[in-house]
Amino acid sequence: GAVVSQHPSRVICKSGTSVKIECRSLDFQATTMFWYRQFPKQSLMLMATSNEGSKATYEQGVEKDKFLINHASLTLSTLTVTSAHPEDSSFYICSAPSGGDTDTQYFGPGTRLTVL
Amino acid sequence: QKEVEQNSGPLSVPEGAIASLNCTYSDRGSQSFFWYRQYSGKSPELIMFIYSNGDKEDGRFTAQLNKASQYVSLLIRDSQPSDSATYLCAVNTDKLIFGTGTRLQVFP
């Protein structure tokens with residue numbers, strides 16, 4: 001299957017700081033990428049759709065000024081958690097559709113964010 | 001509210017048995033259906049996708065789709081302890097909606 005990478009895999013930061021997470025499609029181009037968040041023992045919740053060359057589309061209840069998304073190229077999307085607080089601690093996962101005749105999404109390995 | 005429902009489990013089966021995982025969805029307009037496996041602390045890994053009514057087999061895995069009943073299932077034959085994980089059902093309409101997952105435990 002298609003390969004999606006994320007960096008960093010784990011980050012610990014102090015409350016009030018900003019954290020940037022990168023998502024890359026390694027062997028294909030992705031005009032669209034998706035950002036999910038998963039709290040312990042819960043399912044994945046879609047946060048936003050990242051669109052190359054245009055603004056991201058945010059799901060209801062997700063603060064666009066807090067979770068900044070930039071899709072600067074066909075292989076890279078970044079999520080910046082601004083002024084992070086302990087309640088933002090979660091597992092953040094990106095995905096990208098592989099294209100072709102299916103809409104199958106492949107997930108990155110995820111980023112574990114802990115805000116102290 | 002578009003929903004995808006799964007029994008949270010845990011579903012416990014002995015090694016070598018067939019594990020049957022079930023999922024129902026509310027949006028009749030859903031066109032594509034996916035099963036992902038997620039190990040603890042890891043991101044989801046695609047197992048199978050299915051678009052048409054009926055069965056689709058891939059190795060030890062069989063996905064079954066019944067659009068009339070809005071039901072999709074995953075069968076795992078010859079279950080192994082390494083199959084122990086949470087299995088997520090996902091349904092795509094205009095976006096991918098995940099169920100909460102079913103935790104499968106395969107004991108030796």
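Scope of this entry: the structure provided in the associated data block.

## Quick word on the packing of aromatic side chains
Considering all chains together, one arrives at 10 aromatic pairs over all chains under this definition. Between the aromatic rings of B:F34 and B:F49, the centroid separation amounts to 6.3 Å while the plane-to-plane angle is 50°, which identifies the pairing as tilted. Taken as a pair, B:F34 in strand β4 (residues 32–38) and B:F49 in strand β5 (residues 45–50) lie far apart in primary sequence, 15 residues in all. By relative accessible area, B:F49 is classed as partly exposed at 22%. With a centroid separation of 5.4 Å and an interplanar angle of 35°, the aromatic rings of B:F49 and B:Y51 are classed as tilted. Judged by relative accessible area, which is 25%, B:Y51 ranks as partly exposed. Every member of this aromatic cluster is reached through a ring pair, and the members are A:Y36, A:F107, B:F34, B:Y36, B:F49, B:Y51 and B:F98.

## Topic: the sheet that holds strand β7 (residues 67–73) of chain A
All names here are of chain A. Taken in spatial order, the four strands make up an open sheet running β1-β3-β8-β7, and their pairing is antiparallel. Sheet topology places β1 (4–7) and β7 at the edges, where each strand pairs with a single neighbour. With strand direction ignored, the average angle separating the axes of adjacent strands in the sheet is 15°.

Rules behind the numbers
The numbers attached to residues start from 1 for each chain and follow its sequence in the written order. The naming scheme follows written order: chains are lettered A onward, ligands numbered 1 onward. Residues qualify for local features only when their pLDDT is at least 70, as the model is predicted, and side-chain atom pairs are given and counted only at 80 or more; totals for whole chains, interfaces and linings, by contrast, use all residues. Note that water and hydrogens are dropped before the side-chain values are worked out from all heavy atoms of the structure. Classification of ring pairs rests on two measures: the distance between centres of Phe, Tyr or Trp rings, Trp counted by its six-membered ring, which must be within 6.5 Å, and the angle between planes, read as stacked under 30 degrees, edge-to-face over 60 and tilted in between. Think of it this way: any DSSP run of H or I at least four residues long counts as a helix, any run of E at least two long counts as a strand, and we number them from the N terminus. Buried means the residue's accessible area, taken with a 1.4 Å probe over protein chains only, is under 20% of the maximum for its type, while exposed means over 50%, and partly exposed covers the values in between. Any two strands are treated as partners once DSSP identifies two or more bridges connecting them. Between the N-to-C directions of two axes lies an angle of 0 to 180 degrees, each axis being a line fitted to C-alpha atoms and, for a helix, fitted only over the stretch in contact.

Structural measurements only, silent on function.
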